[in-house]
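If you want the building blocks of each chain, they are given just below.
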Amino acid sequence: MELKELFAENAAAKIWRVAVQLLKDQNNILDQYPETVPQTGKNAGKYATRDAEFWTCGFFPGSIYALLERSMKYPQRLHIPNTHRPRFQSELLQMGRTWAEPLYAMASRTDTHDMGFIIQPALQMDWELTGNTRSLQAVLTAAESLASRYDEKVKAIRSWDVAINKRYNYVDKDVDFLVIIDSMCNLDLLYYAGHHTSNQKLIDIATTHAHTVLKTVVRENFSTYHLVNFDAQTGAVKDKLTNQGYKDWSTWSRGQAWSILGYSQTYMWTRDPVFLHAATELANYFLARLEAFTCNCPYVPLWDFDAPVPLNQGELPLRDTSAGMIAANGLLLLHQVLRGQGEGSRYLAAAMRIATETIELSLSEDKASFAPMADGKDSLSVPGGSFDAILRNATACRNEDSLRQYWDHGLVYADYYFLEFGNKLIRMGLV
């Protein structure tokens, strides 16, 4: 398979089909957003949705805006039939704004650290592509909301208010202060808003949090824990755990991927060499674990690098395509930084291999395309298919103590980072 699948009609057609169908299913009132596509069972192939408040709500609108960016700035990389292009380009912005509308109300939330994931993929892009100041204001408000979760004693932003599974029960914010490695990818929001408004406080909070995570959540060998619990009164570390990975001591591959992307972004904002060193070492650890894997397509990561690999013939190891595509995005940024400094980089080749092997192993065989338009006046439509997501083989959570385990499925943010990887390649002039 070639990387042309990153830009194929299939991707645009699937996003459009899901956008139209789920709007219709909800009578144009969006309170459910797509999350996973089961690969087995009675609902196989169709998106399962979550409440609009769930942390993944920004990724599907973000996928629409990723296509909009191609349409507006790089039309040569939007591979759809010429007969459909005018209608698609004219309707894509409205579709994006329809799906993004409920996100504006999320900007003032102070009950979650996921503000970057919720707000940036769609609303930041809406501001950057169209100059919509309402979207910029949502971005700025979201940053202030995120900053409200910072605690000077811990010198970190609280990730979760509670963490409950079969093994632990953290529910008292006065006692426990929970920080996860994923938090590194929400700092970009603080830097973006801080520099837009000359608000040094936002910038300092982001940088302080990054240092705290580096000292406590990142291990000495640059693997990562998923979750660290601090004493809310003293800031001392109490527990180092996992919530979605295999074991406390293991390395959950998506957590490692978040760290690569997050520290690469943080370095690009701060130019602090401590963060560049962290990003490169985190990437080196990730790639070393991929290189040690002996199964087919080793650059599609295991869901956890230390989880047992089945030995029975015909039983396939459990992967996480979202971890691969998140890491690939971080590796591209790292490559850009190093080449900009005149240094060599192996990270572009690694990112390309992750994308190539992900396409080879996990691109859904169910391909979508737009229905013919006789005279350009027909409505845009995509015939029904058997699998809603672009990619298969993601794993949201396989932790044995989790109250909700689901794995080996399509996943909305695997597809978002797949599209965003393509856009990064375009922006960088690499395709």
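Shown above is the structure to which this text applies.
To start, this report covers the structure provided alongside it.

Cut-offs applied
Residues numbered from 1 in each chain as written. Predicted model: local features only at pLDDT ≥ 70, side-chain atom pairs only at ≥ 80, totals over all residues. Heavy atoms only, no water. Helix = DSSP H or I, 4+ residues; strand = E, 2+ residues; numbered from the N terminus. Rg over C-alpha atoms; globule rule 2.2 N^0.38 Å. Contact = heavy atoms within 4.5 Å. Areas by Shrake-Rupley, 256 points an atom, 1.4 Å probe, with all protein chains shown as cover. Pairing = 2+ DSSP bridges. Axes fitted to C-alpha atoms, helices over the stretch in contact; angles between N-to-C directions. Buried < 20%, exposed > 50% of the residue type's maximum accessible area, 1.4 Å probe, protein only. Core = buried A, V, L, I, M, F, W, Y, C linked by side-chain atoms within 4.5 Å. Phe/Tyr/Trp six-rings, centres within 6.5 Å; stacked < 30°, edge-to-face > 60°. Polar contact = N/O pair within 3.5 Å; in protein donor to acceptor, adjacent residues only side chain to side chain.

Within the protein one finds 12 helices and 11 strands. Relative to the 2.2 N^0.38 estimate, which gives 22 Å for 431 residues, the radius of gyration of the protein is 21 Å and therefore close to what a compact globule would have. C-alpha extents for the protein along the principal axes are approximately 70 × 55 × 50 Å. Expressed as a percentage of contacts within the protein between residues at least 6 apart in sequence, the contacts between residues at least 24 apart total 70%. About 16900 Å² of surface is accessible on the protein, with carbon and sulfur atoms providing 49% of the total.

Reading across from one edge, E7-E8-E9 is the order of the three strands in this open sheet, with antiparallel pairing throughout. Unpaired on one side and paired on the other, strand E7 (176–180) and strand E9 (237–241) mark the two borders of the sheet. In this sheet, adjacent strand axes meet at a mean angle of 20° when their direction is disregarded. Docked against the sheet, helix H7 (residues 200–216) engages E7, strand E8 (227–231) and E9, running at close to 105° with respect to E8.

The next subject is the pairing of E7. Of all five residues that make up E7, five are buried, and the element is covered over most of its length. Side chains of E7 alternate between two faces, with Asp176, Leu178 and Ile180 and Phe177 and Val179 buried alike. Relative to E8, E7 runs antiparallel, the two sharing five bridges. Bridge pairing in E8 places phenylalanine 177 opposite phenylalanine 230.

Core analysis: the biggest nonpolar cluster contains 143 residues, and Phe88, Trp99, Leu190, Tyr263, Tyr417 and Phe421 have the highest contact counts within it. Counting residues in hydrophobic clusters, the runner-up holds eight residues, among them Tyr168, Leu178, Leu227 and Leu241.

Taken as a whole and judged by the stated rule, the model has 21 aromatic pairs. Between phenylalanine 117 and tryptophan 258 the ring centres are 4.9 Å apart and the planes differ by 40°, which places this aromatic pair in the tilted class. Of the two residues, phenylalanine 117 is situated in helix H4 (residues 115–130) and tryptophan 258 in helix H8 (residues 253–270); the sequence distance between them amounts to 141 residues. Here the aromatic residues Phe54, Trp55, Phe59, Phe117, Trp258, Tyr413, Tyr416 and Tyr417 are joined through ring pairs into a cluster of three or more.

With that settled, consider the side chain of glutamate 420. By the secondary structure assignment, glutamate 420 is in helix H12 (residues 412–427). Judged by relative accessible area, which is 10%, glutamate 420 ranks as buried. Within the structure, glutamate 420 has its side chain in polar contact with the side chain of arginine 427 (distance 2.9 Å). Leave out the neighbours within four places in its chain, and glutamate 420 touches Asn329 and Arg427.

Our focus in this paragraph is the environment of histidine 226. Relative to the elements of secondary structure, histidine 226 occurs in the loop between H7 and E8. Residue class for histidine 226 comes out buried when judged on its relative accessible area of 2%. Residues histidine 226 and asparagine 243 lie 17 residues apart in sequence; the distance between their C-alpha atoms is 6.7 Å. A polar atom in the side chain of histidine 226 sits 3.3 Å from the backbone nitrogen of glutamine 244.

What follows covers the sheet that holds strand E2 (residues 48–51). Strand order across the open sheet formed by four strands is E2-E1-E11-E10, with antiparallel pairing between neighbours. Of all strands in the sheet, those with a lone pairing partner are E2 and strand E10 (394–397), marking the two edges. Each strand axis lies, on average, 50° off the axis of its neighbour in the sheet, ignoring direction.

Time to look at the pairing of strand E11 (residues 406–411). In the sheet, strand E1 (residues 32–38) pairs with E11 via three bridges, with the strands oriented antiparallel. Paired with proline 38 across the bridge in E11 is histidine 409. Pairing analysis gives three bridges linking E10 to E11, with the strands arranged antiparallel. When the sheet's bridge partners are listed, cysteine 397 is paired in E11 with tyrosine 406.

One non-glycine residue, phenylalanine 222, adopts positive backbone phi at about 70°. Mapped onto the elements, phenylalanine 222 comes out in the loop between H7 and E8. The buried category is assigned to phenylalanine 222, whose relative accessible area is 17%. Its identity as a non-glycine residue notwithstanding, arginine 271 has a phi of 60°, on the positive side. Tracing the backbone through its elements, the reader meets arginine 271 in the loop between H8 and helix H9 (273–291).

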